Amino acid sequence: MSTSYRLASGGLIDRSRPVSFTFDGKTYGGYAGDTLASALLANDMMLVGRSFKYHRPRGIFSAGPEEPNALVTLRSGARAEPNTKATTVELFDGLDASSQNCWPSPHFDLRAVHQLAGPLLNAGFYYKTFMWPAAFWEKFYEPAIRASAGLGALSALDDPDTYEKAHAFCDLLVIGAGPAGLAAALSAGRAGARVILAEEDFVLGGRLLSDTTQIDDVSAASWAAVAEAELAMMPHVRILKRTAVFGAYDGEYGAIERVSDHLPVPPPFMPRQRLWKIVAKQCVLAAGAQERPLVFPGNDRPGIMLASALRTYANRFGVSPGQRIAIFTTSDDGWRSASDLQKAGAEIAVVIDARAEVAPDVRKLAGNALQFLGAHVSDTSGYRRLTNITITDSAGQTRSVAVDTLGVSGGWSPSIGIATHLGGKGNWSEEKSAFLCSDMPPGMQIAGAAAAQWTLADALEHGALAGAKAASHVGLGLQTQKPIVASDEASGNNPVWLFKGSRRKAFVDLQNDVTATDVALAAQEGFRSVEQLKRYTTLGMATDQGKTSNVNGLAILAGEIKKTIAETGATRARPPHVPVAIGAFAGLHTARHFKPTRLTASHAASAAANTTFVEAGQWMRAQWFNAPGETDWLQSVTREVKAVRSGVGICDVSTLGKIALCGSDVGTFLDRVYINTFSTLPVGKVRYGVMLREDGFVMDDGTTARLSTDHYVMTTTTVNAGKVMQHLEYCHQVLWPELDVQMVSVTEQWAQYAVAGPKSRDLLRALLGDAFDVSNEAFPYLACGEFHVGNIPLRLFRVSFSGELAYEIAAPAGHGESLFNALMQAGKAFDVTPYGTEALSVMRIEKGHVAGSELNGQTVARDLGLGRMMSVKKDYIGRTMAAREALIDPDQPTLVGLRPVDRSQRLRNGALLFARGVTPAPDTNAGFITSTAFSPGHNHWIGLGLLARGPERHGEIIRAWDPVRSGDYELEVIDPVFIDAEGARLRA
Amino acid sequence: MRYSLTSLFRQTLTGHKGWTPQWRDAAPKAEYDIVIVGGGGHGLATAYYLAKEYGLRNIAVLEKSWIGSGNIGRNTTIIRSNYLLSENISLYELSLKLWEGLEQDFNYNAMVSQRGVLNLYHSDGQRDAYARRGNMMRLNGADSELLDRDGVRKLYPFLNFDAARFPIQGGLLQKRGGTVRHDAVAWGYARAASDRGVDVIQNCEVTGIDIVDGRAVGVQTSRGVIRAKKIGLAVAGSSSRVAALAGMRLPIESHVLQAFVSEGLKPIIPGVITFGAGHFYISQSDKGGLVFGGDIDGYNSYAQRGNLPVVEDVCEGGMALMPAIGRARMLRNWGGLVDMSMDGSPIIDRTHVKGLYLNAGWCYGGFKATPGSGLVFAHLLAKDEPHPAANRLLLDRFRSGHIVDEKGQGAQPNLH
Amino acid sequence: MRIPCPYCGSRDASEFAYSGDATLPRPAPGNADAMFDYVYLRDNPAGVHREYWYHAAGCHAWLKVTRNVSTHEVIDAVLAHDEATL
Amino acid sequence: MLDLAHISAFAELRSIGDGRGVIARERRGIAIATVMARKGQGAALAAAVKEQFDVNLPLGPHGSGSDATSFLGTGPGRWLVTHDAGTPRFVDSLAQQLDGLASVVDQSDSVGLLRLTGPALLDVLAKGVAIDLGATAFPAGSVAVTQIAHMGVTLWKVDEAPTFHIAAARSMAGSFLHWLEASAALAGLAVE
Ligand SMILES: Cc1cc2nc3c(=O)[nH]c(=O)nc-3n(C[C@H](O)[C@H](O)[C@H](O)COP(=O)(O)OP(=O)(O)OC[C@H]3O[C@@H](n4cnc5c(N)ncnc54)[C@H](O)[C@@H]3O)c2cc1C
Ligand SMILES: NC(=O)c1ccc[n+]([C@@H]2O[C@H](COP(=O)([O-])OP(=O)(O)OC[C@H]3O[C@@H](n4cnc5c(N)ncnc54)[C@H](O)[C@@H]3O)[C@@H](O)[C@H]2O)c1
Ligand SMILES: Cc1cc2nc3c(=O)[nH]c(=O)nc-3n(C[C@H](O)[C@H](O)[C@H](O)COP(=O)(O)O)c2cc1C
Ligand SMILES: [Zn+2]
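Computed from a predicted model, the values in this text were never measured in an experiment.

Parameters at a glance
- Residues numbered from 1 in each chain as written.
- Chains lettered and ligands numbered in written order.
- Predicted model: local features only at pLDDT ≥ 70, side-chain atom pairs only at ≥ 80, totals over all residues.
- Heavy atoms only, no water.
- Helix = DSSP H or I, 4+ residues; strand = E, 2+ residues; numbered from the N terminus.
- Buried < 20%, exposed > 50% of the residue type's maximum accessible area, 1.4 Å probe, protein only.
- Donors = N, O, S within 2.8 Å, 3.2 Å for Na, K, Ca; no water.
- Tetrahedral: all angles 85-135°; square planar, octahedral: opposite > 155°, others 65-115°.
- Contact = heavy atoms within 4.5 Å.
- Buried area = accessible area lost by both parts, 1.4 Å probe.
- Salt bridge = Lys/Arg side-chain N within 4 Å of Asp/Glu carboxyl O.
- Nonpolar A, V, L, I, M, F, W, Y, C, P; charged D, E, K, R; others polar.
- Pairing = 2+ DSSP bridges.
- Near = heavy atom within 4 Å.
- Polar contact = N/O pair within 3.5 Å; in protein donor to acceptor, adjacent residues only side chain to side chain.
- Areas by Shrake-Rupley, 256 points an atom, 1.4 Å probe, with all protein chains shown as cover.
- Axes fitted to C-alpha atoms, helices over the stretch in contact; angles between N-to-C directions.
- Core = buried A, V, L, I, M, F, W, Y, C linked by side-chain atoms within 4.5 Å.
- pLDDT = per-residue confidence, 0-100.
- Parallel < 35°, antiparallel > 145°, perpendicular 65-115°, else oblique.
- Left-handed = near helix turned anticlockwise from the far one by under 90°.
- Expected span 1.5 Å × (residues − 1).

This part is about the overall build of chain C. Counting its secondary structure elements, chain C contains two helices and six strands. Order of helices (α) and strands (β) in chain C, N terminus to C terminus: β-β-β-α-β-β-β-α. Once the C-alpha set of chain C is aligned to its principal axes, its extents read approximately 40 × 30 × 20 Å. Taken over 86 residues, chain C has a buried fraction of 58%.

Right, dumping it as structure tokens:
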């Protein structure tokens, strides 16, 4: 499989392993070791996409992650992956990619008409127009703009692949496995440090793979392979290939490993990608440098690319991207590219250097190519591919040279992004003509090209030193090491970027179509900070984050506003350093596994009974049990309520928070956290309590039982369990450490069931027999007790949420399912009915008990009718603030019962309350309905509500206004207790 | 120069040579009638309305960095008035109405786009809370609709309806909600204010507040002393620091809120969606980026950046709600300093120092308030009394207990 | 961010719950002014800050952490209990 | 009489994938208690534990044990005690033994317990645990109360094989197994 652009030999590809792939539906060939970009180039596919704004034809521009142009959609269907840089995609057999942001194809794109409007569509044009008529923006202009938004498309299908997360800890994290990174890893690894070497490429070596230099007398690429082999032998060194470190965060680094992106689909159980969170004591940033392009008219045509990329394609991939190549450079490095390309067999037509003088031995590198010094490229032509360049020589003469490829080399920009993530700044170095970083994250060093140590010898030496220094920081001795020998010359950077010429656009940001004129216009309009420039022109905001455009852009701005680059500064780099799939940050926690699911002990037994479950925090609770023939939830719930009120029902209440409180001072402690008194609670008794936040509002409620002198169990609401625990620990550890109190959550330990209804005692008697006396005399309302059945400890509480004679019985959770079944079994004789949270809720509303919708964090005890519980004899959390003017204001809405005047009317939570006859308005609003239920006993809907001066208004007819559900009806205000106001049933 | 299609054409023909700076890069004068500290959205809007509505001219906005560098330049651009409490709805609804006419008013296209804001609910309790909220919105003149599951599915068929940990039951939709091009708001107000004579002074940090006999008389700045008859603070995340210059302690903590943008994608999400069972909300910009965010990191911070756990939390929420974004890539992630107040609602009031006024406590939601906040703050500064739409967002509410706590979380800023 | 829990060792901050300023002592009962300050007013400095972190997913200890809120550098962490009993 | 059978938390534990990267077994029938020192009784408690169990009560996040009973440090003044000899009402007798010195709360059913070992175990645990579990930082005997995939866990290293014991909330056993299976399947999860 040889194509015209694949060189006959050379490169690090495996020519014995041909690979076939499709692009835009056509099949092509490449080799293992290719990237999609190198394989496309080998197949003469330079033009692969269109630019964002003007839809100009664009070709492959680089050979790495800085790529602005060659964005493709990889794979298809649910696995489609838009905006993928062809230059970073490892070729695999069957790879399927397509071009994007063009229609019908990159070669012929209808939206290219945008180019005609080019002069109009300059920076910020949209801020100045599209304002009239006002309604047109959303109806017309914006839809048109949105239609041309974006590059690739998401499939809108659920991502079928999986992701995972992993943590790693090391002495030294080395970011990048070029010569500097390899040398750092080697010296630290040899010293015994735990090293992680992360490299985003699929081969270690960095520029070594692209260059023809020698190290220790072998080719650079072979040296990299040997170094890798040595590192791989060290048990304390971990090499992470295909892993890009994307960010420095406080105390950790984030990295993304593309575990199976180089495979057609992930094999079974293999994630697509893995998110690494790496805690490293030391870090060496050896991320290399990126070549800077040059800004001149017509600099965006397919065929114009970074000179170093040409070199990479030739040396690493055995591809010559063009037939006749020109090099336009501002430093020696361009000449090296020319030399390597020639050596690889490509034709270099001309080398143009902006410098007036170039050392003779450097000029020799260009062989017999034409050479122009003090010259620049001033124009280009060729629509779908470069055909000609115009050279303006030192004398101002122009001439046209026919080439299909132009390599541009504007020097190198150190890749310091990650070093600035924690707030460090890039400082412009006049000497290096580059931004360097000084204020790095703790423990970080920078080595190699990322520190503008340009030569290979320097990269190796400083890399090795940095590795050794990191090792010594973690207490590992420096051992003397044989220096690694390489000889090459620095090429240096020169501060020139912008060249004048024809009136054609000179692009700075190729992806977002930002031109030199746009930069100038922004400056003219007062956008003089680089950050404002960026936001006004969108320079550097595309998927490449300006890796090739930022320095040129701000340098041009500096020129426009007559400031130095040091004064102008650079825009802030932010993570992720390379774009990262959103799915990777979620790992396993997607869809159903978003949060853990908590199941109670009776879950399986309930599920077997055809139960509808509902989420309660992380718990799943039975909401109602569907009996045969029931078609509507209200039918089921009504049956359950009736069954409890007339017989007996069982409800799993295990999800309530349970906290064991032990020690001799628990009574005192509880007195301080509850508004009512607990120190007087006798052993064997339960009391209802309310606790406030320090700001005086109600935090939670629940019952607390005193099991023995020094042992209490508190229950909290299901959703507040964690919050209350945290609060109690705070009160104890921070406020009153002198108290002898110990506490621990026992929510998980106990399965607990409410046994409610007039026959509940009969059921328990049948169940427990002699094990425990449940008679009213021995075990009255609000009693509690512990006993054993065999060796199994059980607890019984005589508490009632339903208003009926009721108990709660608890067993260790492992026995919970058996206890549930035993209750059902023993209850058969009494026609026992399991009931869910809906029936529970109906009954608590009938009984006027407050719950989550009243304990909403905005109510005080008085609002809930619990004001009289507030002890005046002691201090407690929240007492002082609860005395504030607004918290004791009688106009504050207070708990009432509500029933519809028209008894067939359904009530709904959230309806607003008004006095009869007033017009609904913010200042006439008197409250709202908090809870509603269909009361089977009353045979109509009832509700609880918070109503201004509520208790004074019993008997009044008020208005409920519910416009979001088109409701508007009358209610009668009554007492919130709808059944058994005297509590006779409770005490039966 | 007035912006219009005509002026754009004319400039195009002359090579865009005639465009002038959008706002004058003013140098500080010795004295102003009113000095606004903070060149964010609120400060610039305040100056604009002072000039436009209250006829004041001698005004300066002092910005320590470049205008737009604060939260106005880093928020997720959502505008809405879907609040629960009348104290808040009145202000945010005033603001929403101002947004609706803003561009014609200040002659700048800020791309106000009312594509709808949808807050999802996943439980009966949430539905009820949204019903109450929707009713409160209607009561205060805002629009709201309560959708059921099918209503949501019609709008957003690709959400996760079938394999969810917390299934979507429906949503509260405010059709008039939407997004605005955030930076353009700063630039538009700066330009319009500057055109009305306001000095917009960048790189001018206030380092001291001069108080004589209990009255503020001027500010010390990195560019010298500036005298002022009245001083308005609108410094968002820096509120506590600047107020401390006048000896005040505020019911505010500064926290970091992160935001995210994906690579540019073809339109997939028309409006704004907020997940109700996790910390995640999302919209898509006109450029195609998915703009999304979640909860604050939860610890005091002045660093303008956050950490990975929250990045993960947000993306987990995203993948729970719409697993279709799994293969979209996060392009950039940043943070902003949010002024979290003790009840989660803003404070717009006089202070114990005469002539010193405070506009703060916007938490993560002050962008949508920008025009409204500017107008009511201008009113307060000009008239020395609160604007009727913001007369219950005062400082003494914490002492009296008339707090405006939408979420019922109490005096714990990181829970709001 | 890693918090050096005096009991558990270095842990990710996501294991903790945060509750802010740890320099304010709870005032004596009934002093409404002092209680108002304590509940509502904060120095909120841009620099070194003493603050409460609760090791919710670990040892359940409340810590007083000294942290620079401008750089996120964690300087020190002690058990609040120990300090409270001093 | 009332017969209440016991169901273990990890009854659903099963093998997945090929290979034995991680080998898992549920530890059943273990008595577990939280032991919390009473105010000012720390030293006396340590002495009592030494005397009655011949165990040096660990002051930090470590475990130490004798025969069937282990004391694992889980917080200041707080231990998780495990006992696997099947002594009836072990927790009650422990409470009596330590009466006045510590509060003892039965937790035998609050968690499920797994014993995990295998060559891939550290890599698999690293997918959930944000703590350095390597031999230097977390030698055998170390204990950590931490979280895995948003679930609270207590884990301790038994030996450098490595073998870990891990306790996870009973109500979350299903979600915990989902994490374990997803994380270990590639290397193979084998159940003994
Ligand atoms: C990530 C993120 C997302 C958000 N998303 C939304 C959203 O979707 N919808 C919404 O409504 N709100 C949102 N917000 C909140 C909103 O952005 C802010 O509440 C609002 O912008 C604050 O008002 P501002 O614009 O005046 O603030 P800023 O723009 O922060 O202005 C304050 C200015 O004061 C300056 N300043 C500070 N100290 C001094 C000094 N000493 N001297 C001079 N100048 C000083 C600062 O430099 C800054 O420019 C978000 C915030 C963040 C961080
Ligand atoms: N002569 C010159 O002027 C000049 C200029 C620049 C570079 N160079 C050459 O470049 C080389 C510099 O060596 P070096 O080691 O500093 O750089 P390098 O470019 O050789 O290696 C950097 C490596 O880091 C990887 N990388 C970058 N960011 C990463 C991230 N976030 N996560 C993971 N991996 C990442 C890259 O893929 C690359 O492999 C030398 O060979 C030198 O001669 C020379
Ligand atoms: C609504 C919105 C959309 C954004 N879109 C992009 C984008 O497409 N590309 C980009 O690089 N940054 C984008 N950003 C982020 C900005 O680059 C920048 O990170 C943010 O304004 C904060 O500034 P800072 O990072 O300089 O501190 C966007 C920001 C916002 C608020
Ligand atoms: Zn701890």
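Six octahedrally arranged donors around a metal ideally form angles of 90 or 180 degrees; four tetrahedrally arranged donors ideally form angles of 109.5 degrees. Residues and elements named next belong to chain C. Binding of the zinc ion (ligand 4) to the protein goes through C5 (SG), C8 (SG), H55 (ND1) and C59 (SG), at separations of 2.0 to 2.5 Å. Here the zinc ion (ligand 4) binds four donor atoms, and the angle range of 101 to 117° at the metal identifies the geometry as tetrahedral. We note that the donor set of the zinc ion (ligand 4) lies within a single chain, spaced as C-x2-C-x46-H-x3-C. Here C8 is found in the loop between β1 (2-5) and β2 (9-12), whereas its partner C59 is found in the loop between β4 (48-54) and β5 (62-68), with 51 residues between them in sequence. In this structure C59 comes out as buried when scored by relative accessible area, which is 3%.

Listed as interface residues are 124 residues of chain A and, on the opposing side, 117 residues of chain B. Together chain A and chain B conceal approximately 10000 Å² of surface at their shared face, both sides included; 55% is due to carbon and sulfur atoms. Summed over the shared surface of chain A and chain B, the number is nine salt bridges. As a salt-bridge pair, E142 of chain A and R115 of chain B come within 3.3 Å of each other at their nearest N and O atoms. Ranked by residue count, the leading element in the side of chain A that touches chain B is helix α2 (residues 136-147) of chain A, at six residues. Taken together, the residues that form the side of chain A that touches chain B break down as 59 nonpolar, 31 polar and 34 charged. Summarising the sheet, strand β31 (residues 580-581) of chain A and strand β16 (residues 329-341) of chain B pair through two bridges and their orientation is antiparallel.

Turning next to the site of ligand 2. Residue and element names in this part refer to chain A. Neighbouring residues of ligand 2: 31 residues in total, closest E199, R207, V245, A449 and S491. Between ligand 2 and A180 there is a distance of 2.9 Å, counted from an oxygen atom to a backbone nitrogen or oxygen. With respect to ligand 2, the backbone of A286 contributes an N or O atom lying 3.5 Å from an oxygen atom. Expressed as a share of its isolated accessible area of 840 Å², the protein-covered part of ligand 2 is 94%. Listed by contribution, the elements that provide at least two residues to the shell around ligand 2 are α3 (179-190), β13 (243-249), α6 (332-344) and α8 (456-473). It is β13 that contributes the most residues to the shell around ligand 2, three residues altogether. Along the lines of polarity and charge, the residues of the shell around ligand 2 split into 15 nonpolar, nine polar and seven charged.

With that settled, consider the environment of G467 of chain A. Relative to the assigned elements, G467 of chain A resides in helix α8. When the C-alpha positions of G467 of chain A and L186 of chain A are compared, they lie 7.4 Å apart, and in sequence the two are 281 residues distant.

Residue and element names in this part refer to chain A. Read once around its circumference, the closed barrel built from six strands follows the order β46-β49-β48-β47-β50-β51, with strand pairing classed as antiparallel. The average undirected angle you get between the axes of adjacent strands in this sheet is 45°. One ladder, built from six bridges, connects strand β46 (residues 893-900) with strand β49 (residues 940-948); its direction is antiparallel. Looking at the pairing, T894 lines up with L947 of β49. Of the strands in this sheet, β48 (927-935) and β49 are in contact with helix α20 (residues 837-847), which crosses β48 at around 115°.

For the rest of this paragraph, the subject is the side chain of Q752 of chain A. All names here are of chain A. Along the chain, the position of Q752 falls in strand β41 (residues 750-756). Overall, Q752 belongs to the buried group, its relative accessible area being 5%. Among the polar contacts made by the side chain of Q752, one reaches the side chain of E808 at a distance of 2.8 Å. Excluding its chain neighbours within four sequence positions, the residues that come into contact with Q752 are C651, D652, V653, S654, K658, F797, E808, I809 and A810.

We now examine the environment of D700 of chain A. All names here are of chain A. Inspection of the secondary structure assignment puts D700 in strand β38 (residues 698-708). Given a relative accessible area of 1%, D700 falls into the buried group. D700 sits 145 residues away from A555 along the chain, and the two C-alpha atoms are 61 Å apart. Here D700 is in contact with G689, V690, M691, T716, T717, N720 and V724, once residues within four sequence places are set aside. Side chain to side chain, D700 and N720 meet in a polar contact 2.9 Å long.

Note on placement: S110 of chain D falls in the loop between β6 (102-106) and β7 (111-117). A residue is classified by how much of its surface remains accessible, and S110 of chain D, at 8% relative accessible area, is buried. When residues no more than four places from it in sequence are discounted, the contact partners of S110 of chain D are E748 and Q749 of chain A together with A168, A169 and R170 of chain D.

In this section: the sheet that holds strand β19 (residues 347-353) of chain A. Consider a sheet: its strands pair through backbone hydrogen bonds, and that pairing is either parallel or antiparallel. Residues and elements named next belong to chain A. Reading across the sheet, the five strands line up as β17-β24-β18-β19-β20 and stay open at both edges, with parallel pairing between neighbours. This sheet does not close on itself; its edge strands, each paired only once, are β17 (304-306) and β20 (370-373). Each strand of the sheet is rotated relative to its neighbour by a mean of 20°, with strand direction disregarded. Relative to strand β24 (residues 405-409), β17 runs parallel, the two sharing three bridges. Bridged to I304 within β24 is L406. The sheet strands contacting helix α5 (residues 307-317) are β17, β18 (324-329) and β24, and the helix crosses β17 at an angle near 80°.

With that settled, consider the site of ligand 3. Of all residues adjacent to ligand 3, which total 18 residues, the nearest are M541, Q545 and R574 of chain A together with R74 and R332 of chain B. Around ligand 3, the neighbouring residues derive from chains A and B rather than from a single chain. R535 of chain A places a polar side-chain atom, nitrogen or oxygen, 2.8 Å from an oxygen atom of ligand 3. At the level of elements, α10 (530-537) of chain A together with β16 of chain B are the ones that each hand at least two residues to the shell around ligand 3. When grouped by side-chain class, the residues that make up the shell around ligand 3 number five nonpolar, five polar and eight charged.

Let's shift gears to the interface of chain D and chain C. In this assembly, 15 residues from chain D lie in contact with 13 residues from chain C. At the boundary of chain D with chain C, total buried surface from both sides reaches about 1100 Å², with 49% on carbon and sulfur atoms. Summed over the three residues of chain D that lose the most area to chain C, namely P76, V145 and Q147 of chain D, the buried surface amounts to 39% of that side. Between the two partners, chain D and chain C, sit six residue pairs in polar contact (both at pLDDT 80 or more). The element best represented in the side of chain D that touches chain C is strand β8 (residues 143-148) of chain D, accounting for four residues.

Take the nonpolar core next. With 238 residues, the main nonpolar core has L36, I60, L173, Y253, I278, I389 and L406 of chain A as its most contacted residues. With eight residues, the single largest contributor to this core is helix α6 (residues 182-195) of chain B. If sequence neighbours within four positions are ignored, L173 of chain A has contacts with I196, A198, V245, Y253, I278, A280, Q282, C283 and V284 of chain A. Counting 75 residues, the second-largest nonpolar core is a separate cluster that includes M881 of chain A together with I209, I347 and I403 of chain B.

For chain D, mean pLDDT is 96; residues scoring 70 or higher make up 99% of the total. This prediction of the complex comes with two scores: 0.97 for pTM and 0.98 for ipTM.

All names here are of chain B. Here helix α2 (residues 41-53) crosses α6 at 30°, and the two axes come no closer than 9 Å. Looking at the two axes, α2 sits roughly parallel to α6. The way α2 lies across α6 gives a crossing that is left-handed. The segment α2 lies against α6, with L44, A45, Y48 and Y49 engaging A186, Y189, A190, A192 and A193. The residue inventory of the contact of α2 with α6, partitioned by class, reads nine nonpolar, no polar and no charged.

Residues and elements named next belong to chain A. Compared with the 20 Å implied by 1.5 Å per residue over 14 residues, the 20 Å span of helix α15 (residues 633-646) between its first and last C-alpha is a close match. Taken together, the buried positions of α15 are S636, V637, T638, E640, V641, A643, V644 and R645. The inward-facing, buried residues of α15 contact β34 (619-625), β35 (649-652), β41, β45 (833-834), α20 and β48.

Bringing the packing of helix α18 (residues 760-768) of chain A against helix α19 (residues 816-827) of chain A into the picture now. Residues and elements named next belong to chain A. Relative to each other, α18 and α19 sit at 115°, their axes nearing to 9 Å. Looking at the two axes, α18 sits roughly perpendicular to α19. Classified by chirality, the crossing of α19 by α18 is right-handed. Here α18 contributes L763, L764 and L767 to the contact with α19, which in turn contributes L819, A822, L823, A826 and G827.

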